[in-house]
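Each chain, written out:
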Amino acid sequence: EFQHMINWNYHKTVPENTFTNEGLSMVAEIVCGYPASMQSLYAAEPNHYLFDWRRDDNTLVLNDYARAQRFFLYLKEQFGVGILKNIVQNNNVAVPTKLDGVITAANSSLNFNKVFTNWEIANELNDRTVNNAYGYVYTNLPQSTSTQYGNPNVTSSVGVQREAASYITFSQGSNLSIKFTGPSSVISVKAIEIGNNAASRVVDVPVGTQFTEPAFGTTYKTISFAIISTDTQYPSTVSYTATGVVPTTETELKWDITEPTGYLPLTPGDSVAVQFDGVGGGKLDSIKVALRGITPINGNIYTFIGLTNQMGGKKLGSFTATSTLTAAPVVVNSGGDYPYASPYPNWVKVDLTSANIDASNSFVVEFPIGAAYPATNRVVSTYYQSSGAYHNYAYVSKAPTTWTTYSVSGKTGYVFLYLVRAYVSFVVSGVKHEVELTPKEFSLAQNYPNPFNPTTKIDFTLPSASKVKVIIYNQLGQQVALLAAGDYAAGVHEINFDGANLASGVYYYRIDAGTYSQTKKMVLMK
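Rules used throughout
- Residue indices begin from 1 for each chain and proceed along its sequence in written order.
- Per-residue local features of the predicted model are confined to residues with pLDDT of at least 70, and side-chain atom pairs are confined, for both listing and counting, to 80 or more; whole-chain, interface and lining totals are unaffected and use all residues.
- Heavy atoms from the whole structure form the basis of all side-chain values; hydrogens and water molecules are not counted.
- The criterion is simple. A nonpolar core is a set of buried Ala, Val, Leu, Ile, Met, Phe, Trp, Tyr and Cys residues joined through side-chain atoms within 4.5 Å.
- Working definition: with a 1.4 Å probe on protein chains only, accessible area under 20% of the residue-type maximum means buried, over 50% means exposed, and in between means partly exposed.
- Only runs of H or I of at least four residues qualify as helices and only runs of E of at least two qualify as strands under DSSP, and these elements are numbered from the N terminus.
- When checking whether two residues touch, look at their non-hydrogen atoms; a contact exists if any pair is within 4.5 Å.
- Should DSSP find at least two bridges between two strands, the strands are taken to pair.
- Convention adopted: a line fitted to C-alpha atoms gives each axis, helices being fitted over their contacting stretch, and angles between N-to-C directions are expressed from 0 to 180 degrees.
- Aromatic rings from Phe, Tyr and Trp, taking only the six-membered ring of Trp, are treated as a pair when their centres fall within 6.5 Å; an angle between ring planes under 30 degrees marks them as stacked, one over 60 as edge-to-face, and anything in between as tilted.
- In our convention, an over-ring charge means Lys NZ or Arg CZ found within 6 Å of a ring centre and within 35 degrees of that ring's normal.
- Any residue with relative accessible area above 30% and no salt bridge may belong to a patch, with like charges joined within 9 Å and the nonpolar Val, Leu, Ile, Met, Phe, Trp and Tyr side chains within 5 Å.
- Accessibility throughout is a Shrake-Rupley quantity obtained with a 1.4 Å probe, and a residue counts as covered only by protein chains that appear here.
- When a carboxyl oxygen of Asp or Glu is within 4 Å of a side-chain nitrogen of Lys or Arg, the pair counts as a salt bridge.
- Any helix carries an expected span of 1.5 Å times its number of residues minus one.
- Polar contacts, as used here, are pairs of N or O atoms within 3.5 Å; protein pairs need one atom able to donate a hydrogen and one able to accept it. Residues neighboring in sequence count only if both atoms are side-chain atoms.
- The arc in question is the one spanned by the directions pointing from the helix axis to the C-beta atoms.

*Asks:* What should I look at first to understand the nonpolar core in this one?
*Replies:* Considering soluble globular proteins, one finds that nonpolar side chains tend to be buried as a cluster. Membership of the largest hydrophobic core comes to 45 residues, with the highest contact counts inside it found for F71, F72, L75 and L99. Ranked by residues supplied to this core, first place goes to helix α4 (residues 61–79) with eight residues. Setting aside anything within four residues of it in sequence, one finds L99 in contact with F51, F71, F72, L75, I87 and F112. In this structure, A321, F363, V379 and Y418 belong to the second largest nonpolar core, which totals 32 residues.

Next up, the structure:
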């Protein structure tokens, strides 16, 4: 609010553009030490006009706040906090002309379009080791939503909004070749190639020219294409045709931490749901869910239309998940963060192949809450530390009725993660290929067990191949062990720590993976 007052003083006659004014106030929160907010809303809607402000829509305007905060955070990190002052003091209120002038004054080799393009790359790659312009210093920003393709053989098109970006990602197969067709004067395409135990890179992809990456599937495990529009007036249509070799073996990707911490105590009429990005050309093969008890639980599958009162649009199917256990899982430590047996025994998989559900577009797996537990079952959850929603939501039937992310009481920055997975398969030349879909963010789990004597395990997840260090420190900040130092592939990893040679007490473990860094506390009790 103080920023708004300062801004008004400089723009009494002609008010500041709303996007700029609100963005400056949102980044002021971060400058003053407060966390970024609502960034999962921006990540879910990258293909939207940068400077739009939907003041007449109390729901979608939150996406605009998130987008403005992320853009001005990027400017602050790239040019220093002084650029925010220069933006306020600039009398021109027209965007992007005003920003173009301020950026050029700060660095004559840059202009708004170059910075905007780099920003769109950073929102997908977020790796400053590739280029300082391609990532953030601020941690835990969720990655932009991308159309996922498990089969690299695809022909499609996308409408890219003015001054916005759309992303497509290929994560399976090899020898990728693709050609984009569209207005090359306002559309640029960047290939974001994630190294598989190798350095990642960003490559220009000229519109109208065949692009081939023979190292896809070997050197580069994943390639995302950022389709970026710098048109200031009109949306553009971009078509693409891709070909490649489909893998001959099934690939399973795991992004979540499977050990539960409990379940969200919602009431009848409420729901929990997990949203998954679509995989082009895929069919929904099955659903897997971790259950609290042994009573059957009903679930539904919908198309995803956003965080409205009806998150799910068209109903694609229903199912019942029935446990094979004869008794509910045993609670081994009712006072700890991980009270259930490890590995958790009550994962239930439901075959949905007969339903023939198209998984090309984003979809939602929802579980309505019935009577009080244990009369009806519950989906168990774990904790996740993030500024994003991690694609996990709950619906509360009492006012205000909306889908929301639940924070964990007593754990600052943590949200609930519901243990639900989806499996998508596609058939090529008579061979079925299955891919497990899970949200894609870095995470570091709480060690298990905790307290421990003398051994414990530490899990972490990587959305892309990264150089990783995991270090143990004592309370004086002295390093007492190096658990990991090297290249790790994308996925879930588990490392063990043996504290037999250490004294009882509090220790800290820290992970550094690319631009991601996080520290947690653990207790050795002999």
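*Asks:* Teacher, can you tell me more about the sheet that holds strand β30 (residues 516–524) here?
*Replies:* In sheet architecture, strand pairing relies on hydrogen bonds along the backbone and comes in two forms, parallel and antiparallel. With antiparallel pairing, the four strands of this open sheet are ordered in space as β27-β26-β29-β30. The open sheet terminates on both sides in strands that have one partner only, identified here as β27 (479–488) and β30. Averaged over neighbouring strand pairs, the angle between their axes works out to 15 degrees when direction is ignored. The pairing of strand β26 (residues 466–473) with β27 spans eight bridges and is antiparallel. Its bridge partner being in β27, I472 is matched across the sheet by A481.

*Asks:* For this particular structure, what's the right way to read the packing of aromatic side chains?
*Replies:* The relation between two aromatic rings is expressed through the spacing of the ring centres and the mutual angle of the planes. Within the structure shown, the criterion is met by 22 aromatic pairs. Three or more aromatic residues joined by ring pairs make a cluster, and in this case those are F19, Y42, Y49, F51, F71, F72, F112, F116 and W119. A cation over a ring is seen here: R162 above Y49, with NZ or CZ 3.7 Å from the ring centre. The ring of W347 has R421 sitting right over it, with the charged end atom 4.7 Å from the ring centre.

*Asks:* I'm lost on a nonpolar patch on the surface in this one. Help?
*Replies:* A contiguous nonpolar patch, built from F2, M5, I6 and Y10 and spanning about 430 Å² of accessible area, is present on the exposed surface. As for its position among the elements, I6 is in helix α1 (residues 2–10). I6 sits in the partly exposed class, given a relative accessible area of 36%.

*Asks:* Explain the pairing of β26 here, please?
*Replies:* Working note: regular strand, side chains alternate between the two faces of the sheet. Adjacent in sequence and paired antiparallel, β26 and β27 are bridged by five residues, among which G477 carries a positive phi angle near 80 degrees. As paired strands, β26 and strand β29 (residues 505–513) are joined by six bridges and run antiparallel to one another. Within β29, the residue paired with K469 across the bridge is D512.

*Asks:* Can you walk me through helix α2 (residues 18–31) in this structure?
*Replies:* The α-helix winds at 3.6 residues per turn, so residues separated by three or four positions along the chain end up facing the same way. The end-to-end C-alpha distance of α2, which contains 14 residues, comes to 20 Å, matching closely the 20 Å that a straight helix rising 1.5 Å per residue would cover. Most of α2 is tucked away, with 10 of its 14 residues classed as buried. Packing partners of the buried residues in α2 comprise α1, α4 and α5 (82–89). The backbone nitrogen of F19 has a side-chain oxygen 3.0 Å away, supplied by the residue at the start of α2, namely N17. Taken from the residues just after α2, G33 is the one with a positive phi, measuring 100 degrees.

*Asks:* Whenever I open this one, unusual backbone geometry confuses me. Can you help?
*Replies:* The peptide bond linking V95 to P96 adopts the cis configuration, its omega dihedral lying at 5 degrees. Take P96: it is sitting in the loop between α5 and α6 (97–106). Of note in this structure, N126 is not a glycine but carries a positive phi near 50 degrees. Relative to the assigned elements, N126 resides in the loop between α7 (112–124) and β1 (147–149). Unusually for a residue other than glycine, N175 sits at a positive phi of about 50 degrees. Note that N175 resides in strand β4 (residues 174–181). N175 gets classed as partly exposed once you look at its relative accessible area, which sits at 39%.

*Asks:* How do you make sense of α6 when you look at a structure like this?
*Replies:* Inspection of α6 places K98, L99, V102 and I103 among the buried residues, and these make up the whole buried set. For α6, the angular spread of the buried residues around the axis is 125 degrees, confining them to a single face. Every exposed residue of α6 that faces more than 90 degrees away from the buried side is listed here: T97 and A105. Packed against the buried residues of α6 are α4, α5 and α7.

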